[in-house]
Amino acid sequence: MNRINIKLSVTMIILLVSILFPLGFVINQIFYQFNLQQAQDESLNLATQYASLINDNSIESRMEVVEVSARLANQKLIVMMEDKEILANANIALDNEIILYLSELLENEHHSYLTNSFQTLDGLTYLATASPIVFNNVRGHVIMFSSLESILHSMETVQWLLMIAIIGSILVGVGFAIFFSTKLSQPLVSMEKATRQMAKGDLAIRVREESNDEIGSLAIAINDLAAELERVNSQRKEFIANITHDLQTPITYLKGYTKALEQKLWKSEIEQQQYLEIIEKEANRLSSLVNDLFDLTKMDEGKLTLHKEQINVDEFLHFVVKKPSLHALERNTSIQINNHIKQSIYVYADPLRLEQVFINLLENAVRYTKDGVITLCVHADEEVVLIEINDTGVGMHKDELPFIFDRFYRVEKSRNRKYGGSGLGLPIVKQLIDLHDGEIIVTSEFGKGTTVSITLPRHNKEQETFNDE
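Residues numbered from 1 in each chain as written. Predicted model: local features only at pLDDT ≥ 70, side-chain atom pairs only at ≥ 80, totals over all residues. Heavy atoms only, no water.

Take a nonpolar patch on the surface next. Residues Met12, Val172, Phe176, Phe179, Phe180 and Leu184 make up a contiguous nonpolar surface patch of roughly 570 Å² in combined accessible area. If one sorts the elements of the nonpolar patch by residue count, helix α4 (residues 149-199) sits on top with five residues. With respect to the element layout, Met12 can be found in helix α1 (residues 4-55). (Patch = residues over 30% accessible without salt bridge, like charges linked within 9 Å, V, L, I, M, F, W, Y side chains within 5 Å. Areas by Shrake-Rupley, 256 points an atom, 1.4 Å probe, with all protein chains shown as cover. Salt bridge = Lys/Arg side-chain N within 4 Å of Asp/Glu carboxyl O. Helix = DSSP H or I, 4+ residues; strand = E, 2+ residues; numbered from the N terminus.)

Compared with the 75 Å implied by 1.5 Å per residue over 51 residues, the 71 Å span of α4 between its first and last C-alpha is a close match. At Ser185, α4 shows its largest bend, some 35 degrees, and a proline, Pro187, comes one to four positions later. Gly201 sits one or two positions beyond α4 and adopts a positive phi of about 110 degrees. (Expected span 1.5 Å × (residues − 1). Bend = angle between axes of the 7 residues up to and from the residue.)

So, on to helix α2 (residues 62-72). Those residues of α2 that fall on the buried side of the exposure criterion are Arg62, Met63, Val66, Glu67 and Ala70. The arc that holds the buried residues of α2, viewed along the axis, is 140 degrees, so those residues lie on one side. A positive backbone phi angle near 55 degrees is found at Asn74, which sits one or two residues after α2. (Buried < 20%, exposed > 50% of the residue type's maximum accessible area, 1.4 Å probe, protein only. Arc of directions from axis to C-beta.)

In the sheet, strand β1 (residues 76-81) pairs with strand β2 (residues 86-90) via four bridges, with the strands oriented antiparallel. Bridged to Ile78 within β2 is Asn89. Between β1 and β2, which pair antiparallel in sequence order, lie four residues; one of them, Lys84, sits at a positive phi of approximately 70 degrees. (Pairing = 2+ DSSP bridges.)

Here the focus is the side chain of Asn312. Following the sequence through the fold, Asn312 ends up in strand β6 (residues 309-312). In this structure the side chain of Asn312 is engaged in a polar contact, spanning 3.1 Å, whose partner is the backbone nitrogen of Glu315. Ignoring anything within four residues of it in the chain, the contact list for Asn312 reads Ser344, Ile345 and Tyr346. (Polar contact = N/O pair within 3.5 Å; in protein donor to acceptor, adjacent residues only side chain to side chain. Contact = heavy atoms within 4.5 Å.)

Written out as structure tokens, the structure reads:
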């Protein structure tokens, strides 16, 4: 019972049965009540006519006339008075028990007629309808009897036909339920098998998108998930290979030059100093990689704490551009600050983490810009501060932009390897900006340059004044 097609089939069959049986009962009751009402109306009409004849004092021997008429018409009739005396009887066998039964019904009846069914001595079922009379100043009733045997036989036939129809409908319904439940569940079963294959590592598998309903949307979502997992898995493998290479390279340098120092293989003190500088550089590089990984881990776990304070934007930018300026000079590239704010403006941020963000972005701009210009533009309104970093470097293709903040993604792998970088800087930048409740947007055109727009919220606005040109 754990298969969805079985559950759907059972549900549909139960629903079908719960509809057909009440429907059959209602149809049976409607048919029975219709025929019974017709018999009642006919019997009451005859009883009323005979009662009118008996109540007409102008007709002599009217009781005999009624009895003879009923016998000739093969109608079953009795005329019974209040004292249980039978004045007329046509075509019906009576005993004391039936007479007593009829008397009790008439005593409790407050209307001009009564309708009830009972069985006579011959075992037949009749409908009794009474109409009141007055004969020789004594009250009584004309009681007409209408046989219900034909109605009961008809009802049995109808019940059998209804039962056959219900059973046939259930059998047909079972077939349709099995067919449609299998058809409906087959895509879900296929999706379940596909997801299990994905769980085993087969990320190239896809499910068929056969409809435009919710099941089709689920198939599209599973295919999108598989494609995304395949991409992430590919990037993860590439990242592991890259980070292994990036870790192995400084370790190799450290081991080689340390061994050279131990064995005193330098030829001069200048060469010895160069060895020490290389060791220091590679140690710093290794430390930077480890710190990047450590920062990502803390941010993933939500353990990175920011120590925010008011930061003067103009002073901050002049401070951070000093660090990459030497590298920029080596590449014949200038870094300029274009502040559109005449007076001091502040952002509420963690200065160390914000410095980490801008150093990373400026180093990237310098790394990919040669013989060019890097410009920092500042804009502000009452709510936010916008800082743009524009470079005239090599730029990026538009299809690269959606993935640049993925931690396992490296833009143009061969070019990235040429310029260095582990592919961790931009993911860290993105998460740090998010932690500051800010926003970062990157636009780029290949061969023309890149623009990074950072939006940071302002606080304590009453302490600031500005005049945006």
